[in-house]
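Chain by chain, the residues run as shown.
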Amino acid sequence: KCQGMNIGLVEFEVYERGAQLSEPGENLALEGLVNASSMQNDSYSAIYACDGGYDTRWASKTGETAWICVDLLEQKPIKRIVLNWEKAYAKDFDIETSRDGRTWEVLANVTGAGGGEQEYQFENAAARYVRISCKSRGTIYGYSLWEFQIY
């Protein structure tokens, strides 16, 4: 009993009995080179989608199609991609990979997405380049990502 005492809770974790815990791993995008088909202005450069912060973002110019790409500098296994969209999100897009930056393979064709944070998991994927090819907007604005994470 804790009557008459002020007790604060700093952290609380719940685990399923027998569940295997896994670390999220290293965000490979933080060390990569980032570029995009366009940016709204210098304040919304592609590099801000891969800087590990949620106070900066990439925003494209208004238009139906746009892309953002991360060069991982060498081929690496790709297990998981997390996208955290700002209010201006892609409704339809492809997650693509390439070994050479010229020939692309579609890992996921996403349709009818609703923005916010989205996570995609992959088996047996490896690439040097990872690209999000936005095909249609969920709003009247361009596309905007707070974070593009690659694990």
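Everything that follows concerns the structure shown earlier in this document.
Residues numbered from 1 in each chain as written. Predicted model: local features only at pLDDT ≥ 70, side-chain atom pairs only at ≥ 80, totals over all residues. Heavy atoms only, no water.

1. So, the overall build of the chain
Reasoning step 1: In terms of helices and strands, the chain carries 0 helices and 7 strands.
Reasoning step 2: In the chain, the succession of helices and strands from N to C terminus is β-β-β-β-β-β-β.
Reasoning step 3: For the chain, restricting intrachain contacts to residue pairs at least 6 apart in sequence, the fraction spanning at least 24 positions comes to 73%.
Reasoning step 4: Per element, the accessible surface of the chain, about 9500 Å² overall, is 46% carbon and sulfur. (Helix = DSSP H or I, 4+ residues; strand = E, 2+ residues; numbered from the N terminus. Contact = heavy atoms within 4.5 Å. Areas by Shrake-Rupley, 256 points an atom, 1.4 Å probe, with all protein chains shown as cover.)

2. A word on the pattern of salt bridges
Reasoning step 1: By the definition in use, this model includes 7 salt bridges.
Reasoning step 2: Glu64 is the partner of Arg137 in a salt bridge, and the nearest nitrogen-oxygen pair spans 2.8 Å. In this pair, Arg137 sits in strand β6 (residues 117-137) while Glu64 sits in the loop between β2 (58-59) and β3 (66-85), placing the two residues 73 residues apart along the sequence.
Reasoning step 3: Where Arg102 meets Asp100, a salt bridge forms, and the shortest distance between an N and an O atom there is 3.9 Å. (Salt bridge = Lys/Arg side-chain N within 4 Å of Asp/Glu carboxyl O.)

3. Topic: the packing of aromatic side chains
Reasoning step 1: This model, assessed by the stated rule, comprises 3 aromatic pairs.
Reasoning step 2: Here the aromatic rings of Phe93 and Tyr120 are separated by 6.2 Å at their centres, their planes lie at 85°, and the arrangement is edge-to-face. Of the two residues, Phe93 is situated in strand β4 (residues 90-98) and Tyr120 in strand β6; the sequence distance between them amounts to 27 residues.
Reasoning step 3: Here the aromatic rings of Trp104 and Tyr129 are separated by 6.3 Å at their centres, their planes lie at 65°, and the arrangement is edge-to-face. Taken together, the residues Trp104 in the loop between β4 and β5 (105-110) and Tyr129 in strand β6 connect sequence positions 25 residues apart.
Reasoning step 4: Its end group placed over the ring of Trp146, Arg57 keeps NZ or CZ at 5.7 Å from the ring centre. (Phe/Tyr/Trp six-rings, centres within 6.5 Å; stacked < 30°, edge-to-face > 60°. Lys NZ or Arg CZ within 6 Å of the ring centre and 35° of its normal.)

4. Details of the environment of Leu145
Reasoning step 1: With respect to the helices and strands, Leu145 occurs in strand β7 (residues 144-150).
Reasoning step 2: Assessed through its relative accessible area of 0%, Leu145 is described here as buried.
Reasoning step 3: In this structure, the C-alpha to C-alpha distance between Leu145 and Ala88, residues 57 residues apart in sequence, is 8.0 Å.
Reasoning step 4: Discounting residues that sit within four places of it in the chain, Leu145 has contacts with Ala49, Arg57, Trp58, Ile68, Leu83, Asn84, Trp85 and Glu86. (Buried < 20%, exposed > 50% of the residue type's maximum accessible area, 1.4 Å probe, protein only.)

5. Here we look at the pairing of β6
Reasoning step 1: Examined bridge by bridge, β3 and β6 share 14 bridges and lie antiparallel to one another. Each residue of the ladder has a partner; that of Arg80, found in β6, is Gln121.
Reasoning step 2: As paired strands, β4 and β6 are joined by 8 bridges and run antiparallel to one another. Along β6, the bridge assignment pairs Ala90 with Arg137. (Pairing = 2+ DSSP bridges.)

6. Some details on the pairing of β5
On any regular strand, side chains alternate: one points to one face of the sheet, the next to the other face.
Reasoning step 1: By the bridge criterion, 5 bridges tie β4 to β5 in an arrangement that is antiparallel. The partner of Ile95 across the bridge, within β5, is Ala108.
Reasoning step 2: Taking the residues between adjacent antiparallel strands as the criterion, β4 and β5 are bridged by 6 residues, where Gly101 takes a positive phi near 80°.

7. Remarks on the side chain of Glu86
Reasoning step 1: For Glu86, the location among the structural elements is in the loop between β3 and β4.
Reasoning step 2: Those residues in contact with Glu86 that sit more than four places away from it in its chain are Arg57, Ser144, Leu145 and Trp146.

8. Brief notes about the nonpolar core
Reasoning step 1: If you look at the biggest cluster of nonpolar residues, it comprises 32 residues, and the most contacted ones within it are Ile68, Leu83, Trp85, Phe93, Ile132, Phe148 and Ile150.
Reasoning step 2: Of all the secondary structure elements, the ones that give two or more residues to this core are β3, β4, β5, β6 and β7.
Reasoning step 3: Here this core gets 8 residues from one element, more than from any other, and that element is β3.
Reasoning step 4: When residues no more than four places from it in sequence are discounted, the contact partners of Phe93 are Leu83, Trp85, Ala108, Asn109, Val110, Ala113, Gln118, Tyr120, Ile132, Ser133, Cys134 and Lys135. (Core = buried A, V, L, I, M, F, W, Y, C linked by side-chain atoms within 4.5 Å.)

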